[in-house]
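# A closer look at the structure
Below are the chains, spelled out letter by letter.
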Amino acid sequence: MKILHIAGGGDRGGAKTHILALCSRLKEEHELKMLSMRKGLFAEDARKAGIDTVEIQSGFPLRDFVLAKEAARQFGPDIVHCHGAKANLVGVYLKMTLGCTVVTTVHSDYRLDYLHSFIRRQTFGRLNAAALRVMDYHVTVSDSFKQMLIQRGFRPSRIQTIYNGLDFSVETPEFDKGGYLRQCGLNYQQGDVVMGIAARLTPVKDIPTLLRAFAQARRQDQRLKLLIAGDGEDAQKLKDLARQLEVDSSCCFCGWVADIGKFFKACDIDVLCSISESFPYSILEGVKEGCAVITSDVGGMQKLIDSGEDGFIFQPGDVDAFADYMLRLARDPGLRQSFGQKLREKASRIYSLDGMAARQSQIYQTIAAQQARGKRNGIVICGAYGRGNSGDEAILDAIIATMKDLDPLSPLTVMTRKPAETKLLHEVDAVYTFNFLQFHRAMRRARLFINGGGSLIQDITSNRSLYFYLYTIHAARKLGCKVQMYGCGVGHVSAPFNRRLASRVLNRSVDVITLRDTVSYQELKDMDVTKPDIRLAADPATTLIPAPDQQAQQFLTRRGVPMDGQYICFALRPWADFHDFSCFAQAAEYAYRQYGLSAVFLPIESPLDLQACKKAAAAMQTPHYVLGEIPEDVRLTMAVLRRMRIVCGMRLHSIVFSAAACAPSMAVSYDIKVSGFMRYIGLADRCQPLSSVTADWLCRQIDELMQGQDLEAAQAIRDKLVGLEMENRRAAAQLLGLE
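Report follows, based on the coordinates. Note that this is a predicted model, so its numbers are computed, not measured.

Let's shift gears to a positive patch on the surface. Taken together, the side chains of Lys-478, Arg-504, Arg-508 and Lys-531 make up a positively charged region of the molecular surface. Mapping Arg-504 onto the fold places it in helix α20 (residues 496-509).

Have a look at this one:
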């Protein structure tokens, strides 16, 4: 591929290291050219790295744009990749005039780039923020920056993450450490512990916090010394602050250093105190030279460092914690060495230069493939999402995971009550469920529309929801999408008009229906739905893997549930005119007295289910726990259920989750979908209608489950469901034209 990189040309520090390191590797695989929008050191270093570089600086900014356009036209790039504010403006110009596909790497929080200058913030800052909105794709150098862009309204499907990489195979030659430090201007004595930071001296780097923490720590350990590499608009203010804190004799501002490897090899501890970062190269550079690390919690540092295990992380601005970590490392040379060795080994595996370049090449290939597909490329997923029901969210989670695995090139759009939350949680595009303009636009771009799981085609809850979901199916077909009803339940549709309407829409508009139970199959047959390809499958949530047991322990412990106990879980819900939850309380007390099982009440939909759980708990005298909230991650809900000896569920997905987690369960059915699922998995005798449930029946089920818990049978049920669920995937692949 032909890749044109554009840089402002004044790049220094981590951004410069990233651009030159990346391009030096990419040129081996792609035809690559660099435009530097300024003459000088950056362009010279790019040429030294073997990068074909063109310098553009005529003295007239508008003419520079014209020259950049001419250089781009002659090169004919497949992709234009921009770095920094000035490059972003040039990239947008090339997109508008030449129709180029433009990518930008977000190296910093663009809202904090010009904190030192009100005028530049209101001009360059605002222009750059606008340019970022026009870019085709964004690359972030940490997951935290990806989340930041999503929170600010950027499309998740157009954002990719690539962590910074460094060539750990290049060794810095040995040298006289003391001589080097004294040459830098530091008052170094043998035995001193030297902390180093390489950073621009600007507000976002928060060097005052470093100086205050250093002054506080040095009062207790005079061996501590501080070496600051870098310059910037705050340099004089910081030197004045060092004098005020009376640490100017043990702190040295040495300006920019040419050999950053030598700088950090001379230091014992690499520190960072920024209030915002993407993924700081200065930390990787220190790690490469074996430094121990203390850093503020920014830029994906938690992905690199397990605080207390191989480094220290503090919250930005926390002077006391920062000073404490300085002292702990200063006083323990063994800890410094251990941290340095552990981090270097980890970073060399995860953050290699070759890995970074390979990931960037993969991103280019993905962009090219998506562009080749044209405007109709995507999948729209519609369901009862964003309402706080963990069952529906589990369905969405499973469908998204399957679609991303099946066709990574198709951007996903979810119709949800909470678009912002869905975007952030699942990193997919999302529109408000009832925003007709937005979901119509998404359908026009999509190849496949998924009516996603759950029992959406029913009129028990209301006619309105049935009409809405039938309309979305009809609209998707009219707008050119293939349509799949995915691992769903159907029914019950009771009103004669509703049955005729549903039959007509499904027969005319749906290509494939995959069902999660045989009751739904019979319902479709009774409604004379015959045109779609109808297949038996399973609930999508059965494919989810429970979170690690340790996370479940932490969740329960924080809510006061001891880890040394044994438990029976009740997942209850309110329903119609059913108000007497005393039978569940009696069964819970029986389980405690007979088997030592304490009751845990778990709402599956919050806060709706909490009222039912509290009613049952209020009638109990034996120990019990009411979990006031559901876990944020459905996989964690499954892990919690896996820790239970028995699960008694009213909500369908409490039973589905239990089956996926191989937890022994019984069901109380308020709706045919619950009894249908239990019959589907061969446990019809473990299910009782809500209208006839009694404490005696519940106690008998507890006896049978405690006396004959068959883990092999539970695993067999899960394996059966996972196998059946594959039919959902096969149907979607068929409609997408994939194998």
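Turning next to the pairing of strand β19 (residues 512-515). Side chains Val-512 and Thr-514 project from β19 onto one buried face, and the interleaved Ile-513 and Leu-515 project onto a second face that is buried too. By the bridge criterion, 3 bridges tie strand β18 (residues 482-490) to β19 in an arrangement that is parallel. Its bridge partner being in β19, Met-485 is matched across the sheet by Ile-513. Note: β19 against strand β20 (residues 533-536), 4 bridges, orientation parallel. Note on β20: the bridge partner recorded for Ile-513 is Ile-534. The parallel pair β19 and β20, bridged by helix α21 (residues 518-526), forms a crossover whose chirality is right-handed.

Another point: the packing of aromatic side chains. On inspection of all chains with the given rule, the structure shows 24 aromatic pairs. Ring centres of Phe-570 and Phe-601 lie 5.5 Å apart, and the angle between their planes is 25°; this geometry places the pair in the stacked category. With Phe-570 in strand β21 (residues 566-571) and Phe-601 in strand β22 (residues 597-601), this residue pair connects regions lying 31 residues apart in the sequence. On the basis of relative accessibility, which here comes to 0%, the residue Phe-601 falls in the buried class. Ring centres of Phe-581 and Phe-584 lie 6.1 Å apart, and the angle between their planes is 35°; this geometry places the pair in the tilted category. A relative accessible area of 4% places Phe-581 in the buried class. Taken together, the ring pairs in this structure connect Tyr-432, Phe-434, Phe-436, Phe-439, Phe-468, Tyr-469 and Tyr-471 into an aromatic cluster.

When the charged atoms of two side chains with opposite charge come close together, those side chains can pair. With the rule as written, the count across this model stands at 38 salt bridges. For Asp-310, the salt bridge identified is with Lys-346, shortest N-O distance 2.7 Å. With Asp-310 in the loop between α12 (301-304) and β13 (312-314) and Lys-346 in helix α14 (residues 333-350), this pair connects stretches of sequence that are 36 residues apart. Asp-310 sits in the buried class, given a relative accessible area of 4%. A salt bridge links Asp-397 to Arg-635, with the shortest nitrogen-to-oxygen separation between them at 2.3 Å. One end of the pair, Asp-397, is in helix α16 (residues 390-406); the other, Arg-635, is in helix α25 (residues 634-642), and 238 residues separate them in sequence. Each of Asp-533, Arg-535, Glu-727 and Arg-730 takes part in a single network of salt bridges with overlapping partners.

What follows concerns the pairing of strand β17 (residues 448-457). Remember that side chains alternate between the two faces of the sheet whenever the strand is regular. Counting buried positions over the 10 residues of β17 gives 10, a clear majority of the element. Relative to β17, strand β14 (residues 379-382) is paired through 4 bridges, and the arrangement is parallel. The partner of Ile-381 across the bridge, within β17, is Ile-450. With 7 bridges connecting them, β17 and β18 associate as parallel partners. From the neighbouring strand, Phe-449 faces β18, where its bridge partner is Val-483. Crossover handedness for the path β17 to helix α19 (residues 463-478) to β18: right-handed.

So, how was this worked out
Residues numbered from 1 in each chain as written. Predicted model: local features only at pLDDT ≥ 70, side-chain atom pairs only at ≥ 80, totals over all residues. Heavy atoms only, no water. Patch = residues over 30% accessible without salt bridge, like charges linked within 9 Å, V, L, I, M, F, W, Y side chains within 5 Å. Areas by Shrake-Rupley, 256 points an atom, 1.4 Å probe, with all protein chains shown as cover. Salt bridge = Lys/Arg side-chain N within 4 Å of Asp/Glu carboxyl O. Lys, Arg positive; Asp, Glu negative; His and termini not counted. Charge placed at Lys NZ, Arg CZ, Asp CG, Glu CD. Helix = DSSP H or I, 4+ residues; strand = E, 2+ residues; numbered from the N terminus. Buried < 20%, exposed > 50% of the residue type's maximum accessible area, 1.4 Å probe, protein only. Pairing = 2+ DSSP bridges. Right-handed = clockwise from strand over helix to strand, strands pointing away. Phe/Tyr/Trp six-rings, centres within 6.5 Å; stacked < 30°, edge-to-face > 60°.

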